[in-house]
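# Coordinate analysis (summary)
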Protein chains: 2
Amino acid sequence: MPYGDVMKARVRSEERRAEIVGAALAVIAERGYRGASLSAVAERVGLTQQGLLHHFPTKEALLVAVLQDRDRWDALPDTRWRVDLLVALVEYNAMRPAVVQTFSALLGESVTEGHPARSYFTGRYAQVRESIAAALRAEYGDRLPSGLTPERTAPLLVAVMDGLQYQWLLDPEAVDMPGAFRDFLRLLGEPVD
Amino acid sequence: MPYGDVMKARVRSEERRAEIVGAALAVIAERGYRGASLSAVAERVGLTQQGLLHHFPTKEALLVAVLQDRDRWDALPDTRWRVDLLVALVEYNAMRPAVVQTFSALLGESVTEGHPARSYFTGRYAQVRESIAAALRAEYGDRLPSGLTPERTAPLLVAVMDGLQYQWLLDPEAVDMPGAFRDFLRLLGEPVD
């Protein structure tokens, strides 16, 4: 194949992948984690299941691609990253339970032996802890008002976000996820409305 | 059947259930969540898989029974429940990754539609939040040093425990689970060594 055709094929394949990821997100939003089957996603983009498997060999691989896409959208350039923006992220998450459910269910599975999403989550958490520590350091310096270092605060902040998601998904009436997250930021000394 | 025989049969059935739950815990400890199949558990207690299904109709039902058993062992009578004992619980959990993995994987699954463990977890969290709020109230009264009420602190405390478990299971070298939990208790104003 001439070079131009190779490039065109690659671009087409990437567009197709993006289209599939978008369709998966729509199916998740409509039917939830369990309803998001490869066949439902294939149908939505007009592929056979075999054709879909060419792009994503397993449901887990497709779901990881969906979450990576979300990470990309949610991330801000490092220099603009700020702790208070996390409040907006948690409020946004409270409006999209299907995506939060997908994230939480896949995170749960990923801690089992040899799960295909394990390396995604392990890498993601290392990176998220680092970004949050950097944002805390930019805001507070070496110590937060509590006396904790940014590096020791970051895993707690991430843990609160994840843990609240489970409680909220199980019992949305009983758990005010954004309110609880604001409470936690106040514990850290963050000025929150 | 005479009444005495009915009672004997019931006791035998309960003993059998307890034996199965114990065997499941042992299989989980050896092989992890994925390796804990009904057939492996049946083999260990000398039952056919059919015989095991008589006591527990699904793997999820058996795992919920294991977690309920753990809840029973970990719980202290309400009057003796104290916040600082949670440090010991988290330290203990750090020595039994297989049980924590089972809990975390099943919690993840439970947030999906119609999952058999969903009502167990929903009920458990309502009860755990209530017990923790009561313990905080006994220690601090209406407000913690942070100004938060016990009822608003409880979901954060539970979230930190759960969230840290995921980070620790994924990357035990990078995450000091008991140390991070002690950091959180210090944020609350708890005197921790």
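Small disclaimer: the values here were computed from a predicted structure and weren't measured. Per chain, the residues get numbers from 1 upward, laid out in the order the sequence is written. Chain letters and ligand numbers both follow the written order, the letters beginning at A and the numbers at 1. Local features in this predicted model are restricted to residues whose pLDDT is 70 or higher, and side-chain atom pairs enter the listing and the counts only when it is 80 or higher, whereas totals over whole chains, interfaces and linings include all residues. Side-chain figures throughout are based on the complete set of non-hydrogen atoms in the structure, without hydrogens or water.

### Some thoughts on empty space enclosed by the protein
Residue and element names in this part refer to chain A.
- Put simply, the grid is 1 Å and covers the protein atoms alone, a cavity is a trapped set of points that fit a 1.4 Å probe, a pocket is an open set with protein on both sides within 12 Å along at least five of seven lines, and lining residues have an atom within 4 Å of a point. Grid points are joined across faces, edges and corners, and a volume is the space filled by probe spheres set on the points. Scanning the entire structure with this criterion turns up two cavities of 30 Å³ or more.
- Computed from the structure, the largest cavity encloses a volume of approximately 50 Å³.
- Lining the largest cavity are V90, N93, V160, M161, L164, Q165, M177 and F181.
- It is helix 8 (residues 150–170) that provides the largest number of residues to the lining of the largest cavity, a total of four residues.
- Polarity classes work like this: nonpolar for Ala, Val, Leu, Ile, Met, Phe, Trp, Tyr, Cys and Pro, charged for Asp, Glu, Lys and Arg, and polar for all others, with Gly in that last group. A breakdown of the residues in the lining of the largest cavity according to their chemical character gives six nonpolar, two polar and no charged.
- Size it by volume and the second largest cavity reaches roughly 30 Å³. Counting from the N terminus, the helices are DSSP H or I runs at least four residues long and the strands are E runs at least two residues long.

### Structural notes on the interface of chain A and chain B
- What makes two residues a contact is simply this: any of their non-hydrogen atoms within 4.5 Å. On the side of chain B, 43 residues touch chain A, which itself brings 43 residues to the contact.
- A side-chain nitrogen of Lys or Arg and a carboxyl oxygen of Asp or Glu constitute a salt bridge if their distance falls within 4 Å. Taken together, the connections running from chain A to chain B amount to four salt bridges.
- Two N or O atoms form a polar contact when they lie within 3.5 Å of each other; inside protein one atom must be a possible hydrogen donor and the other a possible acceptor, and for residues adjacent in sequence the pair counts only when both atoms belong to side chains. The interface formed by chain A and chain B includes 14 residue pairs in polar contact (both at pLDDT 80 or more).
- Sort the elements by how many residues they give to the side of chain A that touches chain B and helix 8 of chain A lands first, with 13 residues.
- Looking at side-chain class alone, the side of chain A that touches chain B contains 22 nonpolar, 11 polar and 10 charged residues.

### Here we look at the domain arrangement of chain A
All names here are of chain A.
- For the domains described, the bounds stem from an automatic or database domain assignment. The domains assigned to chain A are domain 1 (1–70) and domain 2 (75–193).
- Of note, the centres of domain 1 and domain 2, computed from C-alpha atoms alone, are 27 Å apart.
- Counting residues at the interface gives 11 residues for domain 1 and 16 residues for domain 2.
- Reported buried area values correspond to the accessible surface (1.4 Å probe) lost by two parts on association, with both partners' losses combined. Summed over both sides, the interface of domain 1 with domain 2 buries roughly 1300 Å², with 70% coming from carbon and sulfur.
- Seen at the junction of domain 1 and domain 2, the total is zero salt bridges.
- If you look at where domain 1 meets domain 2, you find two residue pairs in polar contact (both at pLDDT 80 or more).
- Breaking the side of domain 1 that touches domain 2 down by element, the ones donating at least two residues are helix 1 (3–35) and helix 4 (59–74).
- For the side of domain 1 that touches domain 2, the leading source of residues is helix 4, giving six residues.

### Some remarks on the pattern of salt bridges
- Per the counting criterion, the structure on display carries 16 salt bridges over all chains.
- Here R129(A) makes a salt bridge to D171(B), at a shortest N to O gap of 4.0 Å. In this pair, R129(A) is assigned in helix 7 (residues 118–140) and D171(B) in the loop between helix 8 (150–170) and helix 9 (177–188), connecting two distinct chains. An identical accessibility class is assigned to R129(A) and D171(B); each is buried.
- Between E151(B) and R137(B) there is a salt bridge, and its shortest N-O distance comes to 2.7 Å. You can see E151(B) sitting in helix 8 and its partner R137(B) sitting in helix 7 (residues 118–140), a full 14 residues away along the chain. Only protein chains enter the accessibility calculation, which uses a 1.4 Å probe; a residue is then buried when its area is under 20% of its type maximum, exposed when over 50%, and partly exposed in between.

### Digging into helix 9 of chain B
- Between the first and last residue of a helix there are one fewer steps than residues, each counted as 1.5 Å, and that sum is the expected span. In a regular helix each residue adds 1.5 Å, so 12 residues correspond to 16 Å; helix 9 of chain B covers 17 Å between its end C-alpha atoms and thus fits that length.
- Counting buried positions along helix 9 of chain B gives 10 out of 12 residues, so the element sits mostly inside the fold.
- Buried residues of helix 9 of chain B: M177(B), P178(B), G179(B), A180(B), F181(B), D183(B), F184(B), L185(B), L187(B) and L188(B), and no others.
- On its buried side, helix 9 of chain B packs onto helix 8 and helix 9 (177–188) of chain A together with helix 5 (85–93), helix 7 and helix 8 of chain B.

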